[in-house]
Amino acid sequence: ETIAFLNLYLEAMVEVISRYEGTIDEIIGDAILVIFGAPLPCDDHAAKAVACGLSMQLAMKEVNQRLAEKGATELEMGIGINTGRVIVGNIGSVRRTKYAAVGSNVNLAGRIESFTTGGQLLISESTRAAVKSPLRLDAQFSVEPKGAKERLQLHEIGGIGEPFNLSLPLRSVALDPLPAPV
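This one's a predicted model, so the numbers in the text were calculated from it and none came from an experiment. (Residues numbered from 1 in each chain as written. Predicted model: local features only at pLDDT ≥ 70, side-chain atom pairs only at ≥ 80, totals over all residues. Heavy atoms only, no water.)

As a further point, take helix H3 (residues 104-114). It helps to recall that an α-helix has 3.6 residues per turn; residues three or four apart then point in one direction. Among all positions of H3, only Val-106, Ala-109 and Ile-112 are buried. One side of H3 holds all its buried residues, which, seen down the axis, span an arc of 115 degrees. Residues of H3 that are exposed and angled more than 90 degrees away from the buried face: Ser-104 and Ser-114. The elements touched by buried residues of H3 are strand E2 (31-35), strand E3 (79-81), strand E5 (97-102), strand E6 (121-124) and strand E8 (152-160). (Buried < 20%, exposed > 50% of the residue type's maximum accessible area, 1.4 Å probe, protein only. Helix = DSSP H or I, 4+ residues; strand = E, 2+ residues; numbered from the N terminus. Arc of directions from axis to C-beta. Contact = heavy atoms within 4.5 Å.)

As a further point, take unusual backbone geometry. With glycine set apart, most residues show a phi of negative sign, and most peptide bonds adopt trans. A cis amide bond, omega 5 degrees, links Ala-38 with the succeeding residue Pro-39. Its place among the elements puts Pro-39 in the loop between E2 and helix H2 (45-69). Of note, the bond from Glu-162 into Pro-163 is cis; its omega dihedral lies within 30 degrees of zero at 0 degrees. In this structure, Glu-21 takes a positive phi of about 65 degrees despite not being glycine. As for its position among the elements, Glu-21 is in the loop between helix H1 (2-19) and strand E1 (23-28).

On to the layout of surface pockets. In this structure, the largest pocket encloses a volume near 1,300 Å³. Along the walls of the largest pocket sit 49 residues, with Ile-32, Leu-33, Val-34, Gly-80 and Ala-109 positioned nearest its centre. Sorting the residues of the lining of the largest pocket by element identifies H1, E1, E2, H2, E3, E5 and H3 as the ones contributing at least two each. If you tally residues by element for the lining of the largest pocket, the top one is H2, at 7 residues. Grouping the constituent residues of the lining of the largest pocket by class yields 31 nonpolar, 12 polar and 6 charged. Computed from the structure, the second largest pocket encloses a volume of approximately 320 Å³. (1 Å grid on protein atoms, 1.4 Å probe; cavity = no way out; pocket = protein on both sides within 12 Å on 5 of 7 lines; lining within 4 Å. Points joined across faces, edges and corners; volume = space filled by probe spheres on them. Nonpolar A, V, L, I, M, F, W, Y, C, P; charged D, E, K, R; others polar.)

Among the 9 residues that make up E8, 8 are buried, leaving the element largely enclosed by the rest of the structure. In terms of strand pairing, E6 meets E8 through 3 bridges, oriented antiparallel. Within E8, the position partnered with Leu-122 by the bridge is Glu-156. For strand E7 (residues 135-143) and E8, the ladder comprises 8 bridges, and the chain directions are antiparallel. Among the inter-strand pairings, Leu-137 is bridged to a residue of E8, identified as Ile-157. Sheet topology places E8 next to strand E9 (residues 166-167); 2 bridges connect them, and they run antiparallel. Its bridge partner lying in E9, Gly-159 is registered against Ser-167. What sits between the antiparallel neighbours E8 and E9 is a turn of 5 residues, in which Asn-165 has the positive phi angle 50 degrees. (Pairing = 2+ DSSP bridges.)

With that out of the way, let us pick up the environment of Asn-105. Locating Asn-105 in the fold gives a position in helix H3. Among the residues examined, Asn-105 registers a relative accessible area of 21% and is labelled partly exposed.

Attention shifts here to the pairing of E5. Pairing of strand E4 (residues 87-92) with E5, which is carried by 6 bridges, proceeds in the antiparallel orientation. Its bridge partner lying in E5, Ile-87 is registered against Val-102. Hairpin connection, E4 to E5: the antiparallel pair is bridged by 4 residues.

What follows concerns the packing of H1 against H2. Interhelical geometry of H1 versus H2 gives an angle of 150 degrees and a closest axis separation of 9 Å. By the angle between their directions, the pair H1 and H2 is classed as roughly antiparallel. In the packing of H1 onto H2, the handedness of the crossing is right-handed. In contact with Phe-5, Leu-8, Tyr-9, Ala-12, Met-13, Val-16, Ile-17 and Arg-19 of H1, H2 contributes Cys-52, Ser-55, Met-56, Ala-59, Met-60, Val-63, Arg-66 and Leu-67. (Axes fitted to C-alpha atoms, helices over the stretch in contact; angles between N-to-C directions. Parallel < 35°, antiparallel > 145°, perpendicular 65-115°, else oblique. Left-handed = near helix turned anticlockwise from the far one by under 90°.)

This is the structure in structure tokens:
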């Protein structure tokens with residue numbers, strides 16, 4: 001039954017990824033590593049990656065409705081995006097070859113994702129700089145990823161403008177008043 005739920009989630013995400021011309025590099029458990037701009041180069045790969053991430057978050061509403069109908073628990077996902085040079089191609093040996101992306105920028109995307117919470121889309125400064133479409137920045141913060149030589153500026157994205165016109169619902173946090181000091 002768990003496999004059926006995972007397949008439902010993956011089917012929805014693969015559909016969205018295909019719509020934005022992403023290439024699935026790897027599916028590991030419930031994680032999906034997607035590359036943009038390879039094997040076919042495109043100038044707006046960073047914007048497509050951000051639009052895809054927002055669409056994936058929006059698709060979770062339908063995924064969760066379908067899971068609820070089957071009596072399953074709701075899922076949440078966090079998405080991390082980094083832009084940079086990587087090595088892409090058929091990597092391996094004569095016995096086993098796989099089309100893949102490797103390099104420190106791939107690793108950094110994974111590190112960025114590790115800082116996310118459910119429903120969040122975090123991007124690096126290099127991705128923000130590469131996207132020409134207007135972005136709705138919901139938050140910015142600095143982190144120290146494992147293995148990095150310096151702090152990394154991350155941006156929480158809530159929307160992207162033309163030609164994609166996508167936005168996540170604003171997340172409001174209910175604040176509880178603190179008790180009066182003693």
